[in-house]
Amino acid sequence: MGMCGDRGRNGQRGKAASTEPTRVYRETGALFLFGAPMTKPKPARVADLVGLLNHLYPPALAEDWDNVGLQVGDPAAAVERILVCLDAEELAVAEAERVGAQLVISHHPLLHRPLQHLTPVDAVGRTLFRAIRADIAVFSAHTNLDRAADGLNDWLAARLGLDACQPLEKPQPGGFYKLVVFVPRGHETEVLDAVFAAGAGQVGRYDRCSFRSLGTGSFRGGKGTDPFIGQPGKNEETEEFRLETIVPAAQLNKVVARMLKAHPYEEVAYDLLPLANSRSDVGLGRIGRLAAAIDLQQFAARVREQLHLEALRLVGDPGRRISKVAVCGGSGASMLGEALRQGADCLVTGDIRYHEAQRARAENLALIDAGHFGTEQLMVAELSLRLRQALAERQLPVEVIEMTAQQDPFVVVC
Ligand SMILES: [Zn+2]
């Protein structure tokens, strides 16, 4: 099946050609484009960073109640410096002002519920006022960062020495589409490159995943058409590839727009099929095994050391052996049932309440409450590391600064 069209919306065969070929000169070691010295790479915009972060931590993975993404700021504003922090609070905006950052990237969102008014009389209002006055944008990656592959829970599991990790949360179906598009032979690479660049084709840790099969497309151009192949009003047949790839729901519009732009036909035949598949590499929490079984007390000491904690709370016999461990950064007590179901010896999380601790003790599941802050603060260093790598790959000249001044609101008194 296939439908052909004209030679492109601009009347040229294929895509628009630039009005003048790009000329690059080398002179005394400096690179010149159109005679102008390329002294600086193109500055990054807030929108570039939003795109990059949404690619790494797809917003489609976030909980329905969550509010992730750009909280405040102009997508067109230039960014030279980023501040990464746990909480989007006034302290973070003040630190961004101090270090000259134009974008704050936080884990916990600044805006949780719709605003009834915007005045600087409460903490959220003061933070918003200060950010807007200082032209500082705020972006948050929250439950999408928790669920993502190579996200917060993978970092926490790796820090505690867990191997062969899987998401603790049951797989969530949906959130993906299959794109099927019919492309004349010879144009398949161009179309695939375009959709891959827009976020299609990612399967776990593999990218550029697709399938193609060759067949025969048939079509007849109606009145006023200018087919790319053949003549209007005549039955035509041509060799076409059926290309198939997977697209996250959050990237669907962008992928389709890029596909249409790269496709040579006037009328493109394509299908978007919602998928019931679930991904095995994303979800809340992680469960894995320690390289060797150790006592709960020894493991608790490791957690305290690795997460740089003054103290933590423990449920269970300190002498019991621990091998299979579940983790969930932040408030993960709701994962207690899943940890039990999957046979974990111990769950490491924060914000555990009395009756949850009581239930775990009765069910013989050890608990380590390392605190909400304690199990999430590592995102500052880990996210910064990945951002620096991703920015370097994209040649975006942005400096990433880690915020170290934020503290756990709880203090230990002995
Ligand atoms: Zn949290």
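If you're wondering where the values come from, they're calculated on a predicted model, not measured in any experiment. (Residues numbered from 1 in each chain as written. Predicted model: local features only at pLDDT ≥ 70, side-chain atom pairs only at ≥ 80, totals over all residues.)

## Focus: helix H3 (residues 123-133)
Next up, step 1: Among the residues making up H3, those that are buried are Thr 127, Leu 128 and Ala 131. Looking straight down H3, one finds its buried side chains confined to an arc of 95 degrees; they lie on one side.
Next up, step 2: In this structure, the buried residues of H3 make contact with strand E5 (69-72), helix H2 (90-99) and strand E9 (137-140).
Next up, step 3: Looking one or two residues past H3, Asp 135 carries a phi angle of roughly 60 degrees, positive in sign. (Buried ≥ 20, exposed ≤ 12 C-beta atoms within 10 Å, placed from the backbone. Helix = DSSP H or I, 4+ residues; strand = E, 2+ residues; numbered from the N terminus. Arc of directions from axis to C-beta. Contact = placed C-beta atoms within 7 Å.)

## A word on the sheet that holds strand E11 (residues 176-184)
Strands pair in a sheet through their backbones, by hydrogen bonds, and they do so in one of two ways: parallel or antiparallel.
Next up, step 1: Pairing in this open sheet of four strands is antiparallel, and the strands run E12-E13-E11-E14 from one edge to the other. Sheet topology places strand E12 (211-219) and strand E14 (270-275) at the edges, where each strand pairs with a single neighbour. Ignoring strand direction, the axes of neighbouring strands in this sheet form an average angle of 25 degrees.
Next up, step 2: Examined bridge by bridge, E12 and strand E13 (residues 236-248) share nine bridges and lie antiparallel to one another. Bridge pairing in E13 links Leu 214 to Phe 241.
Next up, step 3: Contacts from helix H6 (residues 188-197) reach E11, E12 and E13 within the one sheet, and its direction differs from that of E13 by about 20 degrees. (Pairing = 2+ DSSP bridges. Axes fitted to C-alpha atoms, helices over the stretch in contact; angles between N-to-C directions.)

## Things to note about the environment of Val 412
Next up, step 1: Within the secondary structure, Val 412 sits in the segment after strand E20 (399-402).
Next up, step 2: With 100 residues separating them in the primary sequence, Val 412 and Leu 312 have C-alpha atoms 9.4 Å apart.
Next up, step 3: Apart from the residues lying within four places of it in its own chain, the contact partners of Val 412 are Glu 310 and Ala 311.

Geometric descriptors of this kind do not, in isolation, establish any biological role.
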